[in-house]
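# What the coordinates show
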Amino acid sequence: MTADHEGATANSESELSDSLRTFGAVLKALREAAGLTQEDFAPRVQYSPAYIAKIEQGKRFPPASLPEKAAEALGPVAGKVLGAAARSLRRKAGLASWFLQWAGVEEEAITLYAYECRGVPGLLQPEEYIRAVFERQLPPLTGTQIHRQVTARLERQRLLTERPNTAFSFIVEQGVLERRVGGAAVTADVIDHLLSIGRYTNVEIQIMPLRQEDHTGIDGQMYLAESPGNQWFGYIEGHRSSALLTAPSEVSILLQRYGKLRSQALDCRATVNLLEQMRGAL
């Protein structure tokens, strides 16, 4: 099996730092191409030259307003470039180090499959459910940390709308919803969100019923993604750890299992009926 475990990849923690340095280098190149010094550029975006210098050096996270302000100073193309880079950074900023590698695969995927038996898949979680999940983390998170995690997860969800040609398939265990993490109101929000997202033409959501004697997902959750080059990757995770599977023989096994799970879960119409029944019972 070819698997990249985060415990064995010392560079995972430095990926965000590398991205910050890259963002800084791009900002510097765009600024210099416009013929502006840091002293010229800083007042135009309403920051100090010292602060701009730290961003360009990769020592500070860029403010959310920087791309918009930079567009006024450097032009609309520069603003779009920085905006796209900043969104990628925000996605990574609140993500666990061991998840970053898969997040990169996920962003480029042309097909993405997810089977979840633990919680609602991250790409399908409404804000209050995300908050409820991180409020129950141990060790406890601070309010700032929770906010950062919520922001990062919501940023990831832009994939569903930014990549309309990507085919998304989700299989979620009914027990995940029956658990009612966060309470009845949060669960109602989750169900409403699933019903809404399920209307997207590129998204398929299926519920695995509580009773399924031929269940193939006994080994736990799994994620699969097809790259633009038509290579498939698999992803599994546990407590604060993960493995990215790249060996075709291993990924093939997950694809076989996922295909069987799709046949065992409720179809999309039956899923909608069940979700509406569950929503009415709350």
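Residues numbered from 1 in each chain as written. Predicted model: local features only at pLDDT ≥ 70, side-chain atom pairs only at ≥ 80, totals over all residues. Heavy atoms only, no water.

### What to know about the overall build of the protein chain
- Of regular secondary structure, the protein chain possesses 13 helices and seven strands.
- In terms of overall size, the protein chain behaves like a compact globule, its C-alpha atoms giving a radius of gyration of 21 Å where 282 residues would be expected to give roughly 19 Å.
- If one aligns the C-alpha atoms of the protein chain with their principal axes, the spans along those axes are about 70 × 45 × 40 Å.
- Across the 282 residues of the protein chain, 45% fall into the buried class.
- Sequence separation of 24 or more characterises 75% of the internal contacts of the protein chain that already satisfy a separation of 6 or more. (Helix = DSSP H or I, 4+ residues; strand = E, 2+ residues; numbered from the N terminus. Rg over C-alpha atoms; globule rule 2.2 N^0.38 Å. Buried < 20%, exposed > 50% of the residue type's maximum accessible area, 1.4 Å probe, protein only. Contact = heavy atoms within 4.5 Å.)

### What about the nonpolar core?
- Among the nonpolar cores identified, the biggest contains 35 residues, and Trp 102, Leu 124, Phe 168, Phe 170 and Leu 177 are the most heavily contacted of them.
- Looking at which element gives the most residues to this core, the answer is helix H11 (residues 184-197), with six residues.
- Setting aside anything within four residues of it in sequence, one finds Phe 170 in contact with Ala 114, Pro 121, Leu 123, Leu 124, Leu 160, Val 203, Glu 204, Ile 205, Gln 206 and Tyr 258.
- In this structure, Leu 27, Val 45, Ala 73 and Ala 86 belong to the second largest nonpolar core, which totals 18 residues. (Core = buried A, V, L, I, M, F, W, Y, C linked by side-chain atoms within 4.5 Å.)

### What about the packing of H11 against helix H13 (residues 268-281)?
- Closest axis-to-axis distance for the H11/H13 pair is 10 Å, and the angle between their directions is 155°. Considering the angle they form, H11 stands roughly antiparallel to H13. Our pair here, H11 against H13, has a crossing hand that is left-handed. Contacts between H11 and H13 involve Ala 188, Ile 191, Asp 192, Leu 194 and Leu 195 on the former and, on the latter, Val 272, Leu 275, Glu 276, Met 278 and Arg 279.
- Grouping the constituent residues of the contact of H11 with H13 by class yields seven nonpolar, no polar and three charged. (Axes fitted to C-alpha atoms, helices over the stretch in contact; angles between N-to-C directions. Parallel < 35°, antiparallel > 145°, perpendicular 65-115°, else oblique. Left-handed = near helix turned anticlockwise from the far one by under 90°. Nonpolar A, V, L, I, M, F, W, Y, C, P; charged D, E, K, R; others polar.)

### Concerning helix H8 (residues 143-156)
- Its 14 residues give H8 an end-to-end C-alpha distance of 20 Å, which sits within 8% of 20 Å, the value for a rise of 1.5 Å per residue.
- Turning to H8, its buried residues number three or more, namely Ile 146, Val 150, Ala 152, Arg 153, Glu 155 and Arg 156. (Expected span 1.5 Å × (residues − 1).)

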